[in-house]
Amino acid sequence: MAQDIITIFHGPQHPGITGNMSVELDLLGETIKRAETHVGYLHRGFEKMIERRTVLQAFTIVCRICVPEPDPNEENFARGVEELMGLEVPEKAKWLRTMVLEMARLQAQMLWFAGQGGSLGHYISPQWAVADRDLILDLFEELTGGRVYHMYITPGGVRRDLPEGFLGRLGHFLDYLESRLPEYDNMLLRNPVFLERARGVGIIDPATAREYGVVGPNLRACGFMNDIRKDEPYEMYGEVDFIVPTETSGDVYGRAMVRRAEIEQSISILRQIIRRMPAEKEIMAVLPKNHRKWEVPKGDTLVKTESARGEYSYYMVGDGTDKLRRVQVKGPSAVHAITLLEEMLVDSQLSDVAMIMNSLGTNPPEIER
Amino acid sequence: MTETIDNLLERIGRNFQITGQEVKKAGLAALHCSQEQLHGVLIYLKEVEKFDTLTMIGCADWIEDDYFELSYMAYSFTTFFTVMVKIRVSRDGSSVPTVEGIWRQARTFEREIHEMFGVDFPGNTRLKEFFLENWQGMPPMKRDFDTVQFVKDHYKLREEGREGACNVSVERKKRIDAKKLELKKEGE
Amino acid sequence: MDNLNKKDKAQLKELKSPMAVVDWAVNWFRKQSIFMLAYGTGCGAIEIPPTVTARYDAERFGVRGAATPRQADVIVLSGYLAVKTLKRVIRTYEQMQEPKYVIALGSCPINGGMYWDSYNTIKQLDRYLPVDVTVAGCMPRPEAVLEGFMALKDKIQRGEAEGARDYRDNIEKYKNNQKEIFGDKMLPGYTCDWYFSDGGSF
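All values reported here derive from a predicted model rather than from experimental measurement.

K.L.:
Could you clarify how one ought to interpret the overall build of chain B in this entry?
P.N.:
For chain B, the count of helices and strands is five helices and six strands. Secondary structure elements in chain B, listed N-terminal to C-terminal, are α-β-β-α-β-β-β-α-α-β-α. Its C-alpha atoms give chain B a radius of gyration of 27 Å, clearly above 16 Å, the size a compact globule of 188 residues would have. For chain B, the residues scored as buried account for 48% of the 188 residues in total. Sequence separation of at least 24 residues holds for 49% of the intrachain contacts in chain B that already meet a minimum separation of 6. Entry remark: accessible area of chain B is about 9,300 Å², with carbon and sulfur atoms responsible for 49%.

In structure tokens:
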């Protein structure tokens, strides 16, 4: 007997969707036969707004491009401006930036963990992971004054020096988090239900990964050892020791294990930073005299940062005035969540959509800005 | 011999007509070529020089000189070089054949540039509405699109709200004042 | 009576007629369990998980998440609204059962916030949906979100949270405002037909 195909919208108002986007699914029974992503629910026209603002005004809005992990955006923007204007950043500021980026990575991984559990209906993991993530946000609040948006990494350096005793508190938190990790493993990553559902689902094979330009943990779960932090070291990543964890299965489980290993690497990087943080006070480059009007010379550049979900690229064009001609942003989800997701979802089950989207690290605001 | 970005540029220069080239920083070079040469250069980069992936397609609007500059950024996972291949297209009604056949993710990037700048990409299979819904008029990312004027024409900026709506900070102050009063009374 | 706190008891004493007591009791029950539909329209969505999970634990105030609009009492709009989102939000709101309330988080739904010059976000949510409580901030912290829920509970108890009735009474004004944005691509009428006294005319 022939079955009818029905079309449903998964999102934008749906508990199982990451952020505000929707996936149109053609279903035959529970099996997906065709998928199409619809984005644009979060489009604000950042690039237009940056065109109208001076460099320092624009810097306060770039962090809003990605909500779960704003710091790579700030760092990318700051580094791009520095490259265009030829500013020399002091070493202390570079160490502080690296520290903030790693803390941001850590909290983004915790948020991913919460989402991964939540998308399976395993509601203990959001309860634990979000609460532990809040401890990092407290440290951020102490350092920068902001819980989620920090506006800390300014073009030319960082905004504030370390508060007294901050590194000690950070170290204390890292010890706590490390002691929690085995519990997280037992709760979700070694949970038979999770293993059963995550293994062999949402597979990206290595050839597809290269062809589509997959980045970040999703690429590393396919067996490639590519990480911008290692390949083109920026800030102080050339100075610290860490390994790039990889898996070969390319499925949801593989991506989960890569991210789990990255949490450990972040902890190790942060410990090295605590040990090696210089004592000097200089945290700002020599800035142009007129603070209100930085003239960016004509020229363009491409800067990249490795965020927790993959590589961010900023294409920045200066035109000799105090405003940037163009800042174009490519977030990792622009690759993962449109063409790739549409093809991955075909022939998978309706109940796995939320899990697959979460394991790809889908985050709509960075697709549409 | 170790591979340098200068060697790479020289090899490309031997095979194609390059109108300009520069090394921006370590591992990042820019090439200028004509629109006819674009596909040749990109295929050469992908197939011969093993530039596996397209990082993004940048687009900048140079309204003074009346052209868009499209930058195709190819990235190699073996040498970690990025090459920006730049072409200039006219600002109105220009069309560039798609590079979707070379790198699949170009489909999304072209779709975005089509919507934001109005550049046509013949051959792209998914060139339809992307971020905006029911958009009429000039593509918004063009320099001559005046966003402030658009906001003034289409939206009403803040005016007096509904009477019943309450502001949390006001409510909180009321609550705290009431609590203080209560404590004071208890004290007496 | 043991579950009532001092404030409730004081309020109850002041009521004169039996009907007022019934109204008061209905409102009292309503405010005790608020099912929220967190529509993550913007940045504020990131502060909803901390609000409802272990650390801030909104459930101790009787606030918890609902999966679908039909089971929800309050829709939380967390941030700026792009035009494309606004259409879906209105439709979601019209699907909710009364009594229903709207909480808007962040500065952007109040006056456009930092996106005041963006061509794709609306500047004032009040014009299109009846907002009961606004929580300012970019974005509001979990404490502020909880404060917003407390303000809403107070309003419910006082019987003043009547956004839904306002929407029903002034449906034509709201629909005309919505039409300014959507033009001829208005959303389908069947989610709001019953608001019109003549059986649906929009």
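There's more to say after this.
K.L.:
What's the story with the overall build of chain C in this structure? I'm lost.
P.N.:
Each helix and strand counted, chain C has eight helices and five strands in total. For chain C, the N- to C-terminal ordering of α and β elements is α-α-β-α-β-β-α-β-α-β-α-α-α. In terms of overall size, chain C behaves like a compact globule, its C-alpha atoms giving a radius of gyration of 18 Å where 202 residues would be expected to give roughly 17 Å. Dimensions of chain C, computed from the C-alpha atoms along their principal axes, are close to 55 × 45 × 25 Å. For chain C, buried positions account for 55% of its 202 residues. Long-range pairs, those at least 24 residues apart, make up 76% of the contacts in chain C between residues at least 6 apart in sequence.

K.L.:
Explanation requested: the interface of chain B and chain A in the structure shown.
P.N.:
When the parts of a complex come together, some accessible area is lost, and that lost area is often taken as the interface size. Each partner contributes to the interface: chain B provides 45 residues, whereas chain A provides 45 residues. Of all residues in chain B, R104, F131 and M141 of chain B give up the largest surface area on contact with chain A, accounting jointly for 17% of the area buried on that side. Seen at the junction of chain B and chain A, the total is eight salt bridges. Between E211 of chain A and R104 of chain B there is a salt bridge whose closest N-O contact spans 3.7 Å. Where chain B touches chain A, the interface holds 18 residue pairs in polar contact (both at pLDDT 80 or more).

K.L.:
So what exactly am I meant to see when it comes to the environment of T7 of chain A here?
P.N.:
Residue and element names in this part refer to chain A. In this structure, T7 sits in strand β1 (residues 6–10). Of the residues examined, T7 reaches a relative accessible area of 46% and is grouped as partly exposed. Taking the C-alpha atoms as reference points, T7 and K33, separated by 26 residues in sequence, lie 9.7 Å from one another. There is a polar contact of 2.9 Å between the side chain of T7 and the side chain of D26.

K.L.:
Honestly, the packing of helix α4 (residues 83–95) of chain C against helix α8 (residues 171–182) of chain C in this entry has me stumped. Any pointers?
P.N.:
A pair of packed helices can be characterised by two numbers: the angle between their axes and the separation between those axes. Residue and element names in this part refer to chain C. Closest axis-to-axis distance for the α4/α8 pair is 11 Å, and the angle between their directions is 150 degrees. Regarding the angle of α4 to α8, the classification is roughly antiparallel. As for the relative orientation of α4 and α8, their crossing is left-handed in sense. In this structure, α4 contributes V83, L86, K87, I90 and E94 to the contact, and α8 contributes K175, Q178, I181 and F182. Looking at side-chain class alone, the contact of α4 with α8 contains five nonpolar, one polar and three charged residues.

K.L.:
Looking at this structure, I do not really get the interface of chain A and chain C. What am I missing?
P.N.:
The interface of chain A with chain C comprises 33 residues on the first partner and 36 residues on the second. In terms of surface lost to chain C, no three residues of chain A exceed Q13, Y41 and R44 of chain A, which account for 22% of the buried area on that side. Along the contact surface separating chain A from chain C lie six salt bridges. Measuring nitrogen to oxygen at the nearest pair gives 2.6 Å for the salt bridge that ties E141 of chain A to R141 of chain C. Between the two partners, chain A and chain C, sit 15 residue pairs in polar contact (both at pLDDT 80 or more). Secondary-structure elements contributing two or more residues to the side of chain A that touches chain C are α1 (46–52), α2 (55–62) and α5 (124–144) of chain A. It is α5 of chain A that provides the largest number of residues to the side of chain A that touches chain C, a total of eight residues. By residue class, the composition of the side of chain A that touches chain C is 16 nonpolar, seven polar and ten charged.

K.L.:
Please clarify how the packing of aromatic side chains should be interpreted in this entry.
P.N.:
In this description, an aromatic ring pair is defined by two values, namely the gap between the centres and the angle between the planes. Within the structure shown, the criterion is met by 20 aromatic pairs over all chains. Site record: aromatic cluster; members linked through ring pairs are W135, F145, F150 and Y155 of chain B together with Y119 of chain C. Over the ring of F224 of chain A we find R210 of chain A; its NZ or CZ atom is 3.9 Å from the centre of that ring. We note K100 of chain C situated over the ring of Y93 of chain C; from NZ or CZ to the ring centre the distance is 4.3 Å.

K.L.:
Would you mind showing me how to read a nonpolar patch on the surface here?
P.N.:
Residue and element names in this part refer to chain C. There is a patch of nonpolar side chains on the surface, built from M19, V22 and V26 and spanning about 260 Å² of accessible area. Here V22 lies in helix α2 (residues 18–32). Residue classification places V22 among the partly exposed residues on the basis of a relative accessible area of 43%.

K.L.:
How do you make sense of the pattern of salt bridges when you look at a structure like this?
P.N.:
As a working rule, side chains carrying opposite charge can pair if their charged atoms are close by. Taken as a whole and judged by the stated rule, the model has 59 salt bridges over all chains. As a salt-bridge pair, E142 of chain A and R169 of chain A come within 2.3 Å of each other at their nearest N and O atoms. One end of the pair, E142 of chain A, is in helix α5; the other, R169 of chain A, is in helix α6 (residues 166–189), with 27 residues separating them in the sequence. Residue classification places E142 of chain A among the partly exposed positions, given a relative accessible area of 29%. In this structure, the salt-bridge partner of E64 of chain B is R325 of chain A, at a minimum N-O distance of 2.7 Å.

K.L.:
Can you walk me through the sheet that holds strand β4 (residues 299–307) of chain A in this structure?
P.N.:
Residues and elements named next belong to chain A. A sheet is described by the order of its strands in space; here three strands give the open sequence β4-β5-β6, paired in antiparallel fashion. Each having just a single partner strand, β4 and β6 (324–330) make up the two edges of the open sheet. Direction aside, the axes of adjacent strands within the sheet are offset by 15 degrees on average. Sheet topology note: the β4/strand β5 (residues 310–318) ladder contains nine bridges and is antiparallel. Looking across to β5, one finds that S307 is bridged to G310.

K.L.:
When you look at the environment of L219 of chain A in this model, what are you seeing that I'm missing?
P.N.:
Within the secondary structure layout, L219 of chain A lies in helix α9 (residues 217–220). C-alpha of L219 of chain A to C-alpha of R255 of chain A: the two residues are 36 residues apart in sequence and 8.7 Å apart in space. Beyond its immediate stretch of four places on either side in the chain, L219 of chain A contacts A209, R210, V214, F224 and N226 of chain A together with F77 of chain B.

K.L.:
How should the side chain of R53 of chain A be read in this particular structure?
P.N.:
In this fold, R53 of chain A is placed in the loop between α1 and α2. Separated by 3.4 Å, the side chain of R53 of chain A and the backbone oxygen of M114 of chain C make a polar contact. In this structure the side chain of R53 of chain A is engaged in a polar contact, spanning 2.9 Å, whose partner is the side chain of D117 of chain C. Leave out the neighbours within four places in its chain, and R53 of chain A touches A58, I61 and K323 of chain A together with M114, W116 and D117 of chain C.

Reading the values: rules and limits
Residues numbered from 1 in each chain as written. Chains lettered and ligands numbered in written order. Predicted model: local features only at pLDDT ≥ 70, side-chain atom pairs only at ≥ 80, totals over all residues. Heavy atoms only, no water. Helix = DSSP H or I, 4+ residues; strand = E, 2+ residues; numbered from the N terminus. Rg over C-alpha atoms; globule rule 2.2 N^0.38 Å. Buried < 20%, exposed > 50% of the residue type's maximum accessible area, 1.4 Å probe, protein only. Contact = heavy atoms within 4.5 Å. Areas by Shrake-Rupley, 256 points an atom, 1.4 Å probe, with all protein chains shown as cover. Buried area = accessible area lost by both parts, 1.4 Å probe. Salt bridge = Lys/Arg side-chain N within 4 Å of Asp/Glu carboxyl O. Polar contact = N/O pair within 3.5 Å; in protein donor to acceptor, adjacent residues only side chain to side chain. Axes fitted to C-alpha atoms, helices over the stretch in contact; angles between N-to-C directions. Parallel < 35°, antiparallel > 145°, perpendicular 65-115°, else oblique. Left-handed = near helix turned anticlockwise from the far one by under 90°. Nonpolar A, V, L, I, M, F, W, Y, C, P; charged D, E, K, R; others polar. Phe/Tyr/Trp six-rings, centres within 6.5 Å; stacked < 30°, edge-to-face > 60°. Lys NZ or Arg CZ within 6 Å of the ring centre and 35° of its normal. Patch = residues over 30% accessible without salt bridge, like charges linked within 9 Å, V, L, I, M, F, W, Y side chains within 5 Å. Pairing = 2+ DSSP bridges.

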